[in-house]
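# Chain and residue survey
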Amino acid sequence: YSAQLFTERAIEIVKNHSNSSTDKPLFLYLPYQSVHGPAECPQSYIQPYAKTINNTKRRTFAGMLSAVDEGIGNLTETLSDLGYLNDT
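This structure is a prediction, so every number in the text was calculated from the model and none was measured. (Residues numbered from 1 in each chain as written. Predicted model: local features only at pLDDT ≥ 70, side-chain atom pairs only at ≥ 80, totals over all residues. Heavy atoms only, no water.)

### Regarding the nonpolar core
- Membership of the largest hydrophobic core is limited to eight residues, which are Ala 3, Tyr 32, Cys 41, Tyr 45, Ile 46, Met 64, Ala 67 and Val 68.
- Of all the elements in the fold, those that place two or more residues in this core are helix H2 (43-46) and helix H3 (56-81).
- The leading source of residues in this core is H3, at three residues.
- In contact with Ala 3, not counting residues within four places along its chain, are Tyr 32, Ser 34, Ala 67 and Val 68.
- Counting residues in each nonpolar core, the second largest holds six residues, with Ala 10, Ile 11, Leu 75 and Leu 79 among its members. (Core = buried A, V, L, I, M, F, W, Y, C linked by side-chain atoms within 4.5 Å. Buried < 20%, exposed > 50% of the residue type's maximum accessible area, 1.4 Å probe, protein only. Helix = DSSP H or I, 4+ residues; strand = E, 2+ residues; numbered from the N terminus. Contact = heavy atoms within 4.5 Å.)

Set out below in structure tokens:
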């Protein structure tokens with residue numbers, strides 16, 4: 001799933017930058033496409049909405065957005081762990 005792949009690669013880039021050159025600025029553009037078509041994502045993101053969202057399309061969209069939210073959270077955690085959020 002692209003949100004997961006994009007997040008993994010972004011985290012890899014941040015970690016590699018942190019290990020190689022902390023004095024150089026880092027610019028990272030991360031354009032998640034998950035909230036656009038096609039409307040699909042892993043069931044693990046859709047399942048939590050099974051009892052609260054009856055419309056299948058809306059439930060899938062909520063799952064897609066959850067995948068992006070998880071990715072942003074994971075990247076933010078990495079940035080925090082490496083001290084980038086203290087120097088923006």
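### Observations regarding the environment of Leu 5
- As for its position among the elements, Leu 5 is in helix H1 (residues 2-20).
- On the basis of relative accessible area, Leu 5 is assigned to the exposed category, the value being 52%.
- On a C-alpha basis, the gap between Leu 5 and Phe 61 in space is 18 Å, while along the polypeptide they are 56 residues apart.

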